[in-house]
Amino acid sequence: MSKIRIGIVGYGNLGRGVELAVAANPDQELVAVFSRRDPSTVKILTEGVPVCRLADVAEWKDRIDVMILCGGSATDLPKQTPELAALFNVVDSFDTHANIPAHFAEVDKAAQKAGTVGIISVGWDPGMFSLNRLYANCILPNGHDYTFWGRGVSQGHSDAIRRVKGVLDARQYTVPVPAAMEAVRSGSNPELTTRQKHTRECFVVAAEGADKAAIEHEIKTMPNYFDEYDTTVTFISQEELDRDHKGIPHGGFVIRTGNTGKNGETSHIIEYSLKLGSNPEFTSSVLAAYARAAYRLAQKGETGAKTVFDIAPALLSPRDAADLRAHLL
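Residues numbered from 1 in each chain as written. Predicted model: local features only at pLDDT ≥ 70, side-chain atom pairs only at ≥ 80, totals over all residues. Heavy atoms only, no water.

Under an unreviewed UniProt entry, the name given to the protein is Meso-diaminopimelate D-dehydrogenase, and the source organism is Mailhella massiliensis. The Subunit (unreviewed entry) field of the UniProt record for the protein holds the comment "Homodimer." Database annotation for the protein, UniProt heading Pathway (unreviewed entry): "Amino-acid biosynthesis; L-lysine biosynthesis via DAP pathway; DL-2,6-diaminopimelate from (S)-tetrahydrodipicolinate: step 1/1." (UniProt positions renumbered as here; feature names shortened; annotations may be inferred.)

Below, the structure is given as C-alpha cells:
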C-alpha cells in the first residue's frame, strides 16, 4: 500500500517534532521540508529527504498528499495556510483562539476553490482540549467548564520577557492555583477570576549591570501577558537556565462539573488531563494523526476547512474499523 506523502513547512521545534512523528507512523513518509532559510543551512534527521526553499513550494503540487504547517500563529499561519491550501491538503496548529473563526473562513475559501482539505487549529489546546470540552458539554448540558493550563513553559510569554530591555534570556511557566482546582473538583462551581486560576513564574537572565528592579516591574505590569496574574520573577544565570529549564514541558486540565436528575440532585465531574514532556513533540504527534484524516477526507472527495470537531475519530487511526471495534471499543 502506498504511503501518505507528507511535506513540512517550517523547521523549528514543531517542524522537527513532525519529522519524528511521521517517522513513527508506518503509513506516512516525509518527502520534503520547506523553509524560508537557505536550505543549505537546514540540517534534518531524515536521510535522502530534500530541504527546499518555501518560494519553490508550488513545484511540489502533485508530489505531496498533505502539507503540515509548522509556523507561528501570529504572522505565519494566517498567511501561509490559505495560500498553501490553494495547492495542497493542509494541517496547521493555529492557536489564537479569538481569531479561529476568521482563520477558518479564509482557509475554507481557499480550500473550497482549490478542491483541497484544510484542517486548522490541531494540537492539544485548541485540539484535544477542545474535543473534551465539546464531549463534556454534550453529556452534561447543565454544568460549568473550567480549563487549567500547566505547569508548563509558555513559549509566547517567554519570548515577551526576552524582549524587555536588559534581558538576555528567559523562561516563563504557567502554573494552576491548587486551591482553585480543588474548589472546582469539589463540585462547588466557583466563579474564578484570571488571577485566581493561574500564577506565572519567570526565570530571567539579566545582562550585566541591568536594572533588575526595572525589569521585574516591566514584566509584572506587561498588558495581556502578566498584569492580570500574580507573577514571580527570579533572576538566575545563563548556566542555571540552560541546566534547569532547557525542556518545553506543558499540559493542563479540562474539567466540567454538572448535574443530572429531576431536580439536579446528582452531581458529576468530567476531567481530562495532559502532562507533556515536550509541548512541540506532542503537538506534532497530533498533527501527524490529523494529516492522515486530511488525506482520507480528500480521497473521499471532501473539500474545505475543517476543525477537530468535524473529524470522526476512526479517521485518525491507521487501524481499520474492524480492528478498532475488536480492540479499542
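That shown, we press on.
By size, the foremost hydrophobic cluster in this structure holds 35 residues, and its most contacted members are V66, V91, I119, V122, Y290 and I311. Elements with a minimum of two residues in this core: β1 (4-9), α1 (13-24), β2 (28-35), β4 (66-69), β6 (117-119), α4 (128-139) and α10 (279-299). At nine residues, α10 tops the list of elements feeding residues into this core. When residues no more than four places from it in sequence are discounted, the contact partners of I311 are I119, Y290, A293, L297, K306 and L316. (Core = buried A, V, L, I, M, F, W, Y, C linked by side-chain atoms within 4.5 Å. Buried < 20%, exposed > 50% of the residue type's maximum accessible area, 1.4 Å probe, protein only. Helix = DSSP H or I, 4+ residues; strand = E, 2+ residues; numbered from the N terminus. Contact = heavy atoms within 4.5 Å.)

Right, let's get into the packing of aromatic side chains. As enumerated under the stated definition, the model contains five aromatic pairs in all. Here F34 and W60 contribute two aromatic rings whose centre-to-centre distance is 5.8 Å and whose plane-to-plane angle is 85 degrees, an arrangement assigned as edge-to-face. Taken together, the residues span a long stretch of sequence, with F34 in strand β2 and W60 in the loop between β3 (51-53) and β4 at a distance of 26 residues. In this pair, the class of F34 matches that of W60, namely buried. A cation sits over an aromatic face here: R151 above Y173, 4.2 Å from the ring centre. Across from the ring centre of F253, 5.2 Å away, lies the NZ or CZ of R185, which sits over that ring. (Phe/Tyr/Trp six-rings, centres within 6.5 Å; stacked < 30°, edge-to-face > 60°. Lys NZ or Arg CZ within 6 Å of the ring centre and 35° of its normal.)

Hydrogen bonding along the main chain pairs the strands of a sheet, whether they run parallel or antiparallel. The seven strands are arranged β3-β2-β1-β4-β5-β6-β14 in an open sheet whose pairing can be described as parallel. The sheet is open, and its two borders are formed by β3 and β14 (304-306), each paired with just one other strand. Across the sheet, the mean angle from the axis of one strand to that of its neighbour is 25 degrees, orientation sign disregarded. Strands β1, β4 and β5 (89-91) of the sheet are contacted by helix α2 (residues 77-85), whose axis makes an angle of about 175 degrees with β4. Those strands touched by helix α3 (residues 100-114) are β6 and β14, and its axis lies near 140 degrees from that of β14. (Pairing = 2+ DSSP bridges. Axes fitted to C-alpha atoms, helices over the stretch in contact; angles between N-to-C directions.)

Turning our attention to the sheet that holds strand β13 (residues 266-276). Taken in spatial order, the three strands line up as β7-β12-β13 in an open sheet, and their pairing is antiparallel. The open sheet has two edge strands with one neighbour each: β7 (143-149) and β13. Neighbour-to-neighbour, the strand axes of the sheet open up by a mean angle of 10 degrees, direction not taken into account. Pairing analysis gives eleven bridges linking strand β12 (residues 250-260) to β13, with the strands arranged antiparallel. When the bridges of β13 are listed, G252 appears paired with L274. Running over the sheet, helix α6 (residues 178-185) touches β7, β12 and β13 and is turned about 30 degrees from β12.

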